[in-house]
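In case you want the letters, here they are:
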Amino acid sequence: MKSIIYAIAILLFLPFVAFAEGPPAVDTGDTAWVLISTAFVFLMTAPGLALFYAGMVRRKNVLGTIMQSFAVLCVVSIQWVLLGYSLAFGPDNWGLIGGLEWVGLSGVGQEPNADYAATIPHQAFMIFQMMFAVITPALITGAFAERMKFSAFIIFTLLWTTIVYDPLAHWVWGVGGWLRELGALDFAGGTVVHISSGAAALATALVVGRRKGYKTDVMMPHNLPLTVLGAGLLWFGWFGFNAGSALGANGLAATAFLVTNTAAAAAALSWMGAEWLHRGKPTMLGLASGLVAGLVAITPAAGFVGPVSSIILGLAAGVVCYAAVSYIKPLLGYDDSLDAFGIHGVGGIWGAIATGLFATTAVNAAGADGLFFGNSELILKQFIAIGASAAYSFLVTFGILKVIDWTVGLRVCDEDELRGLDITQHSESGYSL
Amino acid sequence: MKKVEAIIKPHKLDEVKSVLGELNIEGMTVTEVKGFGRQKGHSEVYRGAEYQVDFLPKIKVEVVTTDDLAAKLAEAIMNAARTGKIGDGKIFISVVEDSIRIRTGEHGSDAL
């Protein structure tokens, strides 16, 4: 008798239950993980990257350098809400850019957007993506450290994030974006974040020019413990960057977390080892630089490769970036002061290639097999993505900088550069002794 | 009165300070300084960029004492600061015309 009542009850309520499942449901575990990951990625810029860079400049520029990262954080946070998110992820136009439908986050609410992340609030996805938009222009500041006028830097940041980052993010991640449609893989932003900022960094180093006294004056890092603290925060934050890009608390997040740590460790050891063999001593700055190179390289691959592949990927990243920084840069003579191109550009390109080599559908069925798993098509798509994003970023950055140079001017005057940005741009000093 | 001025290796400071106590000398001035002598500097490498560091950190100890103690003090500092390697430093002795204790206005060796 009881079972009949249950059966009737179930039949009665079934339509309502089915109806209730109609709109996409928020998963609490996924949402918690993505929000926490967002805070991790926030930490990468401020104070992670800020300190990483600040320790490498001379003491007269320590605050100016830290302030650039924090200012980027503030400027892009506002830009992303008002315009950036819509341009990057809004309804597609010609595969090139998002529309203006989501300007001011209109329609971006607590309901999930199934196109991007079906189990978390749309605003959670949006704020997670904001932290990526924030860190990307902050990475470029390493290329023009110690000589850029603060006003020019603010204008550059606003223009760059709008004209370069937002369309690139749409190409790769936006629904309808042409690189996404092509099938190029970029799990957590190797193309969008690292290749784009790296190519922009190279353009910046070329247009802004060398620091006064480059290669004649002593330009030693003034406080390496700050740099190491920053590197540790970057490593920590990168777990949110890569594992958070699974957009859920799931197995893929665990794999991304694992390969992120593994690749960073491998690259730290290989950079340190290369330096040890080449220069005779292993250095802390080398180890810290290597771990960042490994984190950069694993970024596009994090959700597509297995742990053993990530060791090979990381070992190569450390050596390739070491060579770029200590051989190629001096050879070509540009002053990429804190190696934004040498680590993020070169490491990002290697990571995108490595994704085309090591990706396997055994890790992620939604991904693709790479060259070493019997598919030669993916690597070609990766090269297209690398070429397109690097070329777009380099050329548009070049143009933006030229326009700023002709109008407000890019560099501080020679005397101000000599006295340092802290005093001349901000009237304050990092150290009172 | 004489001033004994010694440039020493930083890690020898404690030993030098303790010989002052043995000679009943009641004050010293210590400064962190940088410089070079016969001991060569060293090079430092940051991401492949090599810099020559010519000025090495040293400690300068200054003690003003009576004429009869100056030679003894110099010898004691010499023994305390010696490692036998290049870079142990130097001692300079010079004549001091007068000294004044600010609190009391005493002059000469009374002010030491």
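Residues numbered from 1 in each chain as written. Chains lettered and ligands numbered in written order. Predicted model: local features only at pLDDT ≥ 70, side-chain atom pairs only at ≥ 80, totals over all residues. Heavy atoms only, no water.

Engineer: How should the overall build of chain A be read in this particular structure?
Structural biologist: Along the backbone of chain A there are 15 helices and two strands. The C-alpha atoms of chain A give a radius of gyration of 23 Å, which matches the 22 Å a tight globule of 433 residues would have. The principal-axis extents of the C-alpha atoms in chain A amount to approximately 95 × 45 × 45 Å. Here chain A holds 433 residues, and the buried ones make up 58% of them. A separation of at least 24 residues holds for 76% of the contacts in chain A among residues at least 6 apart in sequence. Between the centroid of the 18 positive side chains of chain A and the centroid of its 25 negative side chains there is a distance of 13 Å. (Helix = DSSP H or I, 4+ residues; strand = E, 2+ residues; numbered from the N terminus. Rg over C-alpha atoms; globule rule 2.2 N^0.38 Å. Buried < 20%, exposed > 50% of the residue type's maximum accessible area, 1.4 Å probe, protein only. Contact = heavy atoms within 4.5 Å. Lys, Arg positive; Asp, Glu negative; His and termini not counted. Charge placed at Lys NZ, Arg CZ, Asp CG, Glu CD.)

Engineer: When you look at the confidence of the model for chain A in this model, what are you seeing that I'm missing?
Structural biologist: As a note on interpretation, predicted positions should not be read in detail where pLDDT is low. Residue and element names in this part refer to chain A. Confidence along chain A averages 90 in pLDDT terms, with 94% of residues attaining 70 or more. Across chain A, the secondary-structure element scoring lowest on mean pLDDT is helix α1 (residues 2-20), at 51, and the one scoring highest is helix α8 (residues 224-243), at 96. Scored below 50 in pLDDT, residues 14-20 makes zero contacts in the model with residues more than four places away or belonging to other chains. (pLDDT = per-residue confidence, 0-100.)

Engineer: Please explain the nonpolar core as it appears in this structure.
Structural biologist: If you look at soluble globular proteins, the nonpolar side chains tend to sit buried side by side. One finds W80(A), Y85(A), F89(A), Y165(A) and F241(A) to be the most contacted residues of the largest nonpolar core, which totals 131 residues. Ranked by residues supplied to this core, first place goes to helix α4 (residues 122-140) of chain A with 13 residues. Excluding residues that lie within four positions of it along the chain, Y85(A) makes contacts with W80(A), G90(A), W102(A), L105(A), V108(A), Y116(A), H122(A), F125(A) and M126(A). Residues I25(B), V61(B), A70(B) and L73(B) belong to the second largest nonpolar core, which totals 18 residues. (Core = buried A, V, L, I, M, F, W, Y, C linked by side-chain atoms within 4.5 Å.)

Engineer: Got a minute to help me understand the side chain of T360(A) in this structure?
Structural biologist: Residues and elements named next belong to chain A. Residue position: T360 is located in the loop between α12 (340-358) and α13 (377-407). A distance of 3.0 Å separates a polar atom in the side chain of T360 from the backbone nitrogen of A362. Leaving out residues up to four positions away in the same chain, T360 has contacts with F304, A368, D369 and F373. (Polar contact = N/O pair within 3.5 Å; in protein donor to acceptor, adjacent residues only side chain to side chain.)

Engineer: Help me understand helix α2 (residues 67-81) of chain B in this model?
Structural biologist: Residues that lie three or four places apart on an α-helix share one face, since the helix turns once every 3.6 residues. With 15 residues, α2(B) should cover 21 Å at 1.5 Å per step; its first-to-last C-alpha distance of 22 Å lies within 8% of that length. When α2(B) is considered as a whole, its buried residues turn out to be L69(B), A70(B), L73(B), A74(B), A76(B), I77(B), A80(B) and A81(B). (Expected span 1.5 Å × (residues − 1).)

Engineer: I tried to follow the packing of helix α1 (residues 13-22) of chain B against α2(B) on my own but got confused; where do I start?
Structural biologist: Residue and element names in this part refer to chain B. It is the contact of α1 with α2, at a shortest axis distance of 8 Å, that shows an interaxial angle of 150°. Here α2 runs roughly antiparallel to α1, going by the angle between their axes. For the pair α1 and α2, the sense of crossing is right-handed. Packed against α1, whose contacting residues are E15, V16, V19 and L20, the element α2 presents L73, A76, I77, A80 and A81 at the interface. (Axes fitted to C-alpha atoms, helices over the stretch in contact; angles between N-to-C directions. Parallel < 35°, antiparallel > 145°, perpendicular 65-115°, else oblique. Left-handed = near helix turned anticlockwise from the far one by under 90°.)

Engineer: Quick question: what am I supposed to make of the interface of chain A and chain B here?
Structural biologist: Many analyses report the size of an interface as the accessible area lost when the parts associate. Taken together, the 19 residues of chain A in the interface contact eight residues of chain B. Across the chain A/chain B interface, buried area totals approximately 1,000 Å², and carbon plus sulfur atoms make up 59% of it. Across the chain A-chain B interface, the total number found is two salt bridges. Remark: the boundary between chain A and chain B carries six residue pairs in polar contact (both at pLDDT 80 or more). Breaking the side of chain A that touches chain B down by element, the ones donating at least two residues are α9 (251-279), α10 (284-298) and α11 (307-332) of chain A. With three residues, the top contributor of residues to the side of chain A that touches chain B is α9(A). Partitioned by chemical class, the residues of the side of chain A that touches chain B number 12 nonpolar, three polar and four charged. (Buried area = accessible area lost by both parts, 1.4 Å probe. Salt bridge = Lys/Arg side-chain N within 4 Å of Asp/Glu carboxyl O. Nonpolar A, V, L, I, M, F, W, Y, C, P; charged D, E, K, R; others polar.)

Engineer: Looking at this structure, I do not really get the sheet that holds strand β1 (residues 2-8) of chain B. What am I missing?
Structural biologist: Paired through their backbone hydrogen bonds, the strands of a sheet run either parallel or antiparallel. Residue and element names in this part refer to chain B. Reading across the sheet, the four strands line up as β2-β5-β1-β6 and stay open at both edges, with antiparallel pairing between neighbours. Looking along the sheet, the strands with just one partner apiece sit at the ends: β2 (29-35) and β6 (89-95). Neighbour-to-neighbour, the strand axes of the sheet open up by a mean angle of 20°, direction not taken into account. Relative to strand β5 (residues 56-65), β2 runs antiparallel, the two sharing seven bridges. Following the sheet pairing, T29 is matched in β5 by E62. (Pairing = 2+ DSSP bridges.)

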